Amino acid sequence: MSSPALIEQLDSGIDLLCTDPDVAISHVDATVAELLGLAAELRNLPHPDFRSQLKANLIKSALATSSMSESPVMASAVIGARSFAPRRLRPEEEQILPTLLGQSSGIYAARRFNFALSVTAHALALILIVTSGFWMEPHHEQRVQTLTLIEPPVSDYLALDDASKSAAGGGGSGDHDRLQASRGHLPERSLDQFASPEVVIHNGDPKIPVEATVVVPPQVSIPDNRLPNLGDLRSRVAGPPSNGTGYGSSIGSGAGSGLGGGFGGGVGIGIGGGYSGGVFRVGGGVSAPRAIYKPDPEYSPEARQAKYQGTVVLSLIVAPDGRAHGLRVVRSLGMGLDEKAIEAVREWRFEPARKDGKPVAVAVDVEVNFRLF
Amino acid sequence: MRILECETDERLLIEAAQRDPLRFAELYESNFERVYAFVAYRVRDREEAQDLTAEIFHQALASLQRFEWHGKPFVAWLLGIATKVLADRWERLGKQQQVQAYELEEAGIEALVEQRAMLFQLVDGLPPDQRQVIIRRFVDQRSVREIAQELGRSEGAVKQLQFRALQTLRSQMRSKYV
């Protein structure tokens, strides 16, 4: 009989044996009959992993009942060293995780559907973990600072730090005289004014003598003249002494307690305290300052917790030395971000604005954006 | 199955296992096939044969301290435990009459058990593809078609592997016993 015929005959016989162990197979080739005898014995072949699993269980039992004084760690070492002497691995054991290929790894056969289901679930979980970084809300903040130089207003004047909210400082009053205020030197400058300056003194014997001042920050440099008497700096009238045409008790054509044509306690033609003409605005021959060092502002804890975002607008003066002075919040954001913006911008360094090639102080507004990404 | 070279080796190993139960693993390795073949000869169901084999070895481990060397092979002691375990099993099943048929002294039983144990051991030494076909065919009870699909081979190739595996086992069995 040919070999293919023997193979088919053997397979048919094995099919019969698997169906009915007690079946008597006759009329087969002698070789096939002998092989079928072996096949009948092989029906009771133990599962390939049963032997190793039983051995592992026996080792566990031995460890549990062992009277050795060795620790479990030592016992494990003993197992590895002598009881589990290296032996030749079976083909299934040589593979790494045979169930990855749908093969059985224990004493029970692997079900391919369950295996596929498990692989799919694990793959989905892995994809979910890997991609979670893309769709989860980020917890880090990225701060973006934008230096915005706002176009200068029509006015050439600027209110300083301690001035009123008007655009420029200024002040002045007078006796409602027909004469213009006479020219003279500038009174003392102070942020607190107790007595307004007068050229023509009405009360020559005050109960409490107080030096007359104008409301101008002392650190502001104002070109003064060296005239012996008080008066208006810009007046073209040398005399006779006059407090001017304004209304009030001071010097000038304005109203208030200052000096000049404005309204308030300052000097000049503006409103409120301060001095007109001390700081430039960008434009008209004045270049814009440029930030050259901008450390990031910190996020305040409460704003970070609330995931609060927005923009703080600060008004400031960039001095000729490149530092920011007179920082003032123009648009507030709250939750501590205003303070954080001021803290940061105070550390900024600018390339100063220039006028006629020389560094000059210039007033600018700066936007500080707080964004969470 | 590792055949112990002489009685002295086995005796030393038993004494070592009595002092250190972890050494019982070596006795287990030497006698597993024979005990399993002995049980499988009487219990046709593979799962039951495996359960009983496990019970026998656990009992042997538990009572190893009571073992006394009288010159008989260790496997004889193990098969004695197996006989009791099988008797208990049949008793539980109400089939006491069958116990008598399984006496060790029964003519030819020892040789049959030895042959079957040898056959089981030889399966482990088959080439991987042949062994895989034998395992799938006889342990997992798969059809040739299922095995062919699993292994990605033709049914004819699987049948040929099956044929060669049995031929290899037959020739090796002959060489062992001739």
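Residues numbered from 1 in each chain as written. Chains lettered and ligands numbered in written order. Predicted model: local features only at pLDDT ≥ 70, side-chain atom pairs only at ≥ 80, totals over all residues. Heavy atoms only, no water.

Chemist: I tried to follow the interface of chain B and chain A on my own but got confused; where do I start?
Modeler: By a widespread convention, an interface's size corresponds to the accessible area lost as its parts come together. Taken together, the 54 residues of chain B in the interface contact 52 residues of chain A. When chain B packs against chain A, the two sides together hide about 5,000 Å² of surface, and 60% of this comes from carbon and sulfur. A per-residue breakdown of the area chain B buries against chain A is headed by Leu 22, Phe 138 and Phe 163 of chain B, which together make up 14% of the total. The interface formed by chain B and chain A contains 10 salt bridges. The partner of Asp 15 of chain A in a salt bridge is Arg 137 of chain B, with the nearest N and O atoms 2.5 Å apart. (Contact = heavy atoms within 4.5 Å. Buried area = accessible area lost by both parts, 1.4 Å probe. Salt bridge = Lys/Arg side-chain N within 4 Å of Asp/Glu carboxyl O.)

Chemist: Explanation requested: helix α5 (residues 109-124) of chain B in the structure shown.
Modeler: The α-helix advances 3.6 residues per turn, and as a result positions three or four apart in sequence lie on the same side. For α5 of chain B, which comprises 16 residues, the first-to-last C-alpha distance of 23 Å matches the rise-based estimate of 22 Å (1.5 Å per residue) to within 8%. Those residues of α5 of chain B lying buried are Ile 109, Val 113, Arg 116, Ala 117, Met 118, Leu 119, Phe 120, Leu 122, Val 123 and Asp 124 of chain B. (Helix = DSSP H or I, 4+ residues; strand = E, 2+ residues; numbered from the N terminus. Expected span 1.5 Å × (residues − 1). Buried < 20%, exposed > 50% of the residue type's maximum accessible area, 1.4 Å probe, protein only.)

Chemist: I tried to follow the confidence of the model for chain A on my own but got confused; where do I start?
Modeler: Caution applies to low-pLDDT parts of the model: their predicted coordinates are not meant to be read in detail. Considering every residue of chain A, the mean pLDDT works out to 73; 65% of them sit at 70 or more. Looking over chain A, one finds the lowest element-wise mean pLDDT in helix α4 (residues 72-83) of chain A, namely 42, and the highest in strand β12 (residues 349-351) of chain A, namely 91. (pLDDT = per-residue confidence, 0-100.)

Chemist: Which parts of the structure should I look at to understand the pattern of salt bridges?
Modeler: A side chain with one charge may pair with a side chain of the opposite charge, provided their charged atoms come close. Tallied over the full model, the rule gives 22 salt bridges over all chains. Of the charged contacts in the structure, one is a salt bridge between Glu 34 of chain A and Arg 174 of chain B, with a shortest N-O distance of 2.7 Å. With Glu 34 of chain A in helix α2 (residues 30-42) and Arg 174 of chain B in helix α8 (residues 155-177), this residue pair bridges two chains. Residue Arg 174 of chain B is classed as partly exposed on the basis of its relative accessible area, which comes to 42%. The shortest N-O distance in the salt bridge between Glu 150 of chain B and Arg 136 of chain B comes to 2.7 Å. Linking Glu 150 of chain B in helix α7 (residues 144-151) with Arg 136 of chain B in helix α6 (residues 128-139), this pair joins segments that are 14 residues apart in sequence. Accessibility classification places Glu 150 of chain B together with Arg 136 of chain B in one group, the buried group. The network of salt bridges with common partners includes Glu 8, Asp 11 and Asp 15 of chain A together with Arg 137 and Lys 159 of chain B.

Chemist: Would you explain the packing of α6 of chain B against α7 of chain B in this entry?
Modeler: Working note: a packed helix pair is described by the angle between its axes plus the distance between those axes. All names here are of chain B. Running from N to C, α6 and α7 cross one another at 135 degrees; their axes reach a closest spacing of 10 Å. Here α6 lies oblique to α7, going by the angle between them. The element α6 and its partner α7 pack so that their crossing is right-handed. Contacts between α6 and α7 pair Gln 132, Val 133, Arg 136 and Arg 137 from the former with Val 144, Ile 147, Glu 150 and Leu 151 from the latter. Broken down by class, the residue content of the contact of α6 with α7 amounts to four nonpolar, one polar and three charged. (Axes fitted to C-alpha atoms, helices over the stretch in contact; angles between N-to-C directions. Parallel < 35°, antiparallel > 145°, perpendicular 65-115°, else oblique. Left-handed = near helix turned anticlockwise from the far one by under 90°. Nonpolar A, V, L, I, M, F, W, Y, C, P; charged D, E, K, R; others polar.)

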